Amino acid sequence: MPGNLVSATLRGGLFTRVVGKRLLFFQEIGSTMDEAGREAEAGADEGTVVVAESQTAGRGRLGRNWVSREGNLYLSVVFRPTMQALPLLSILAGVAVTRAIRKTTGLDPRIKWPNDVLIDGKKVAGILAESVVTGNTVSHAVVGIGINVGLDTDAVEDIASFATGLNVVAERPVPREDVLRQLLHDLDALYLDVGQGGSPMGEWRALLETLGQRVQAHWRGDSCVGLAEDVDELGNLQLRLEDGRLVTLSAGDVTLRGPEP
Ligand code: BTN
């Protein structure tokens, strides 16, 4: 059985102000999202992090399953942001994941809108943000991050065609505790920066491989093709349709379509 990932992470030193002030580790859990949500409801401080070695009910965006076997990274972080900062959480998490992967592996991850982290066109990480808002106040938000590190994605039929893991792309075993430690540092730095009026949007936009591409966007059973022109200040995708109209998408998925035939 692998050692406790959180102990290994702390052994290397964790110098953060908010994210990771409290770290909980589970060998197996349903979903770290649910555990972090329970912690938040019970009054846990923001920055509480729930890490699991495996999940029996890991979930992704749009109600999808998230393959959660041993050997990867699965974590959820409790935040208590302002209403203004809430839409930036997912964005800053995307930036933090790419920074952490770059710093620990030397690889060059990119982002596919809305927030899939890709290396060489294959997905290595995903981000899920959930929140409880009452009136104009954010009660809490939970940001979940899954990073494929050691998983043999080729052996998992459902994801083999579009996913990969850090060990495969780096062609060496990447220590998960190094990625986790760096990720917590980057999440902390970016969150503190947002609190000081900063924004991760510029860095995130520069990481988006989707911009300038002809894409097919899928959302709730509907789909349309257009040019991914830009993202707005909330990270919504602005798609120029073939009839010239501009549509703004707040959620969904895109697939690259290549140049017009
Ligand atoms: C996506 O669909 O791309 C988002 C995937 C998010 C997966 C992570 S793994 C840790 C946390 N717990 C979950 O059940 N989901 C998120």
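So, here's what we can say about the structure. (Residues numbered from 1 in each chain as written. Predicted model: local features only at pLDDT ≥ 70, side-chain atom pairs only at ≥ 80, totals over all residues. Heavy atoms only, no water.)

## Quick look at the overall build of the protein chain
For the record, the criterion: Segments assigned H or I by DSSP are reported as helices when at least four residues long, segments assigned E as strands when at least two residues long, and all are numbered from the N terminus. Atoms counted for the radius of gyration: C-alpha only. Globule rule: 2.2 Å times residue count to the power 0.38. Partly exposed describes any residue whose relative accessible area lies between the buried limit of under 20% and the exposed limit of over 50%, with all areas from a 1.4 Å probe on protein chains only and scaled to the type maximum. Surface accessibility in these figures is a Shrake-Rupley result with a 1.4 Å probe; residues are shielded only by whichever protein chains are displayed. By the counting rule applied here, Lys and Arg register as positive and Asp and Glu as negative, while His and the ends of each chain are not counted. By convention, the charge on Lys lies at NZ, on Arg at CZ, on Asp at CG and on Glu at CD.
The helix and strand tally for the protein chain stands at 6 helices and 12 strands. The C-alpha atoms of the protein chain give 18 Å as radius of gyration, which agrees with the globular expectation for 261 residues (18 Å, within 12%). For the C-alpha atoms alone, the extent of the protein chain along its principal axes is close to 55 × 45 × 30 Å. Per-residue burial for the protein chain yields a buried fraction of 54% across its 261 residues. When the accessible area of the protein chain is evaluated, it comes to approximately 11,900 Å², of which 48% is carbon and sulfur surface. Positive and negative side-chain charges in the protein chain, numbering 26 and 34 respectively, have mean positions lying 2 Å apart.

## Here's the deal with the sheet that holds strand E2 (residues 48-55)
As a reminder, the rule being used: Strand pairing is assigned whenever DSSP detects at least two bridges linking the two strands. Between the N-to-C directions of two axes lies an angle of 0 to 180 degrees, each axis being a line fitted to C-alpha atoms and, for a helix, fitted only over the stretch in contact. It only takes one pair of heavy atoms within 4.5 Å for two residues to be counted as in contact.
Within the open sheet, the 7 strands sit side by side as E1-E2-E3-E7-E6-E5-E4. Their pairing is mixed. If you trace the sheet from one side to the other, it starts and ends with strand E1 (22-29) and strand E4 (110-112), each paired once. On average, each strand axis in the sheet is inclined to that of its neighbour by 20 degrees, with strand direction left out of account. One ladder, built from 7 bridges, connects strand E3 (residues 73-79) with strand E7 (residues 137-147); its direction is antiparallel. The residue bridging Ser76 from the neighbouring strand is Gly144, located in E7. Where helix H5 (residues 176-195) meets the sheet, it contacts E1, E2, E3 and E7, and its direction lies at approximately 20 degrees from that of E3.

## Structural notes on the nonpolar core
Condition: Among the buried residues, those of types Ala, Val, Leu, Ile, Met, Phe, Trp, Tyr and Cys that are joined through side-chain atoms within 4.5 Å form a nonpolar core.
Of all hydrophobic cores here, the largest spans 64 residues; its most connected members are Ile145, Ile147 and Leu166. Setting aside residues up to four positions removed in sequence, Leu166 forms contacts with Ile101, Thr105, Leu107, Ile119, Val124, Ile147, Asn148, Val149, Glu171, Val174 and Val179. The next biggest cluster of nonpolar side chains, apart from the first, holds 10 residues, and it includes Met33, Ala36, Val50 and Ala52.

## Examining the site of the ligand
Note the threshold: Nearness of a residue to a molecule or strand requires only that one of the residue's heavy atoms be within 4 Å of it. Polar contact criterion, stated in full: a pair of N or O atoms within 3.5 Å, where within protein one must be able to donate a hydrogen and the other to accept it, and residues adjacent in sequence count only if both atoms are side-chain atoms. Residue polarity follows a fixed list, in which Ala, Val, Leu, Ile, Met, Phe, Trp, Tyr, Cys and Pro are nonpolar, Asp, Glu, Lys and Arg are charged, and the others, Gly among them, are polar.
Around the ligand there are 20 residues in total, and Ser31, Gln55, Arg59, Arg61 and Lys123 lie nearest to it. A distance of 2.7 Å separates an oxygen atom of the ligand from a polar atom in the side chain of Lys123. Out of a free accessible area of 410 Å², the ligand has 98% covered by protein chains. Going through the elements one at a time, helix H2 (32-41), E3, strand E6 (122-134) and E7 are the ones with two or more residues in the shell around the ligand. Among the elements that take part in the shell around the ligand, E6 stands out by supplying 4 residues, more than any other. Residue classes in the shell around the ligand are distributed as 7 nonpolar, 9 polar and 4 charged.

## Brief notes about the side chain of Ser54
Take Ser54: it is sitting in strand E2. The contact partners of Ser54, leaving out residues within four places of it in the chain, are Gln27, Glu28, Ile29, Ser68, Arg69, Glu70 and Tyr74.

## Some details on the packing of aromatic side chains
Which entries qualify depends on this criterion: Aromatic rings from Phe, Tyr and Trp, with only the six-membered ring used for Trp, were paired whenever their centres fell within 6.5 Å, and each pair was classed as stacked if the ring planes differed by under 30 degrees, edge-to-face if by over 60, and tilted otherwise.
Enumeration over the complete set of coordinates arrives at 1 aromatic pair. On the numbers, 4.6 Å between centres and 50 degrees between planes, the contact of Phe79 with Tyr191 is tilted. Of the two residues, Phe79 is situated in strand E3 and Tyr191 in helix H5; the sequence distance between them amounts to 112 residues. Residues Phe79 and Tyr191 agree in their burial class; the two are buried.

## Quick look at H2
Summarising burial for H2: 7 of the 10 residues are buried, a large majority. Within the span of H2, buried status applies to Thr32, Met33, Glu35, Ala36, Gly37, Glu39 and Ala40. Here the buried face of H2 lies against E1, E2, E3, E6 and E7. Looking at where H2 begins, the residue whose side-chain oxygen comes 3.0 Å from the main-chain nitrogen of Met33 is Ser31. At the exit of H2 stands Gly43, carrying a positive phi of roughly 100 degrees.

## Topic: the sheet that holds strand E10 (residues 237-241)
Taken in spatial order, the 5 strands line up as E11-E10-E9-E8-E12 in an open sheet, and their pairing is antiparallel. Of all strands in the sheet, those with a lone pairing partner are strand E11 (246-249) and strand E12 (253-256), marking the two edges. Taking the axes of each pair of neighbouring strands and ignoring which way they run, one obtains an average angle of 45 degrees across the sheet. Taken together, the 4 bridges between E10 and E11 define a ladder with antiparallel strand orientation. For Gln238, the partnering residue across the bridge sits in E11 and is Thr248.

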